[in-house]
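# Report on the structure
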Amino acid sequence: MMQQRPPQRLNGPGMTVMLTALALSAVLASGPASADSTPTSRQVGLAAAALVGLPPHTDGADLGQRPPPPGPLERLKRMRAAKQACDGPCETPFGARIGIADGVEARSNCTSTCLRLDFSFVDPSSGEIRVAKKSPDPERLEYAGVTYQCVEYARRWWIRNLSLTFGDVPTAADIFDLTQGLRLPGREPVPLGRSLNGAGKRAPKRGDLVIYGPDPTDPEWRFGHVAVVVGVNPGQGWVELAEENYDNRRWRNPQAYARRIRLFAVGGRYTLIDVEPGRTQSPDGGRILGWVYPLDER
C-alpha cells in the first residue's frame with residue numbers, strides 16, 4: 001500500500017479519482033458515459049462540486065477531501081516512520097512466502113507501513129526475481145517495483161501471466177488513472193480501461209487490477225492498494241484476489257488466492273465491497289475505486 005518509486009514515468013494525464021456515493025451519483029446524473037471509461041473532466045468537476053457544497057455534519061464527506069502535499073519535514077518524518085516499521089513486530093517475517101497464484105509468489109512486507117528502498121526485477125519468461133538497488137540485467141529483466149509492495153506484485157503478475165507491464169505511479173491508487181500499459185517483449189502501447197465501482201457494466205475478470213482509494217488520515221491506507229483478480233464467481237457473489245502488503249498474513253488459500261471479497265450486480269452494474277463472503281463487516285478494509293484492465297484483452 002506504500003508509495004512507489006519506479007524509474008520511469010509512462011502514465012498519461014492524471015485524474016484525481018476519489019468518489020463517494022454522492023459524488024458518483026453526481027457523475028451519473030451529469031449525462032451518459034461509457035461504462036468502461038473514466039468520467040470526463042466536466043463530470044469529475046460536477047462530482048467535486050457536489051462534495052464541496054455539502055452541508056456541515058455530513059457523515060463520510062471526508063473521503064472526498066484531498067489534503068495538500070506534505071512538506072519536506074513531513075516527508076522526512078514519514079520516511080523515518082516507514083523504515084522503523086520494518087523493525088517489527090511483523091505479521092510474518094519480512095520476505096517470507098505467504099502465497100502463490102498462477103506461478104507468481106507473494107512475500108511478506110512485515111507490516112503494511114514498512115518501506116525498504118530495494119527494487120524487484122523479474123525475468124518475464126521464468127518469473128525469476130532479483131532484488132537490487134538497480135537492474136542487474138536491464139536487457140533481460142523487467143522492473144517490477146519496490147520490493148514486496150502491492151504494486152510490485154501486480155506488475156509481476158501481469159508480466160508473468162499477461163506479458164504486460166505498466167509505467168510508474170506515485171501510489172497504488174494512481175493506477176486507476178493510467179491510460180496505457182506496455183505489451184512485452186516489444187513494449188508496444190496497449191490502451192487500458194477502467195470500470196467505476198458501483199457504476200461499471202463490465203464485471204471484474206481474471207487479471208484485472210482492483211484499485212483501492214487512499215485515506216490520508218490512515219497511515220495504512222494513505223496510498224491506497226492494488227490486488228489482482230484471480231477468480232470470479234458471479235453466482236455466489238465473490239471475487240478472489242492475489243496480492244502483497246494487504247495484511248501480510250498467509251493467504252487464505254496459499255496455493256491459489258489471498259482472500260475473497262463480495263461482488264454484487266445491481267441493475268446490470270457491478271460493485272465490489274472489501275468484505276469477505278458470509279460477513280457483514282471489515283473494520284480494517286478499504287474503499288474500492290474500481291478495476292483496471294487492458295482493452296486488447298486476449
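Residues numbered from 1 in each chain as written. Predicted model: local features only at pLDDT ≥ 70, side-chain atom pairs only at ≥ 80, totals over all residues. Heavy atoms only, no water.

Let's shift gears to empty space enclosed by the protein. The final tally for this structure, using the stated rule, is one cavity of 30 Å³ or more. Of the volumes computed, that of the largest cavity is approximately 50 Å³. Lining the largest cavity, in full, are Ile98, Glu243, Glu244, Asn245, Tyr246, Asp247, Asn248, Arg249, Trp251, Arg252 and Ala258. For the lining of the largest cavity, the class distribution of residues is four nonpolar, two polar and five charged. (1 Å grid on protein atoms, 1.4 Å probe; cavity = no way out; pocket = protein on both sides within 12 Å on 5 of 7 lines; lining within 4 Å. Points joined across faces, edges and corners; volume = space filled by probe spheres on them. Nonpolar A, V, L, I, M, F, W, Y, C, P; charged D, E, K, R; others polar.)

Time to look at the confidence of the model for the protein chain. Taken as a whole, the protein chain shows an average pLDDT of 83; of its residues, 80% reach a score of 70 or greater. In the predicted structure, residues 3-52 sits below a pLDDT of 50 and forms 96 contacts with residues beyond four places in sequence or in another chain. (pLDDT = per-residue confidence, 0-100. Contact = heavy atoms within 4.5 Å.)

Following glycine 88, the chain continues into proline 89 via a peptide bond in cis, with omega recorded as 5 degrees. Inspection of the secondary structure assignment puts proline 89 in the loop between helix H3 (72-85) and strand E1 (97-101). Leucine 184 connects to proline 185 through a cis peptide bond whose omega is 10 degrees. Mapped onto the fold, proline 185 is located in the loop between strand E7 (180-183) and strand E8 (188-196). The backbone of tyrosine 148 sits at a positive phi, close to 65 degrees, despite the residue not being glycine. (Helix = DSSP H or I, 4+ residues; strand = E, 2+ residues; numbered from the N terminus.)

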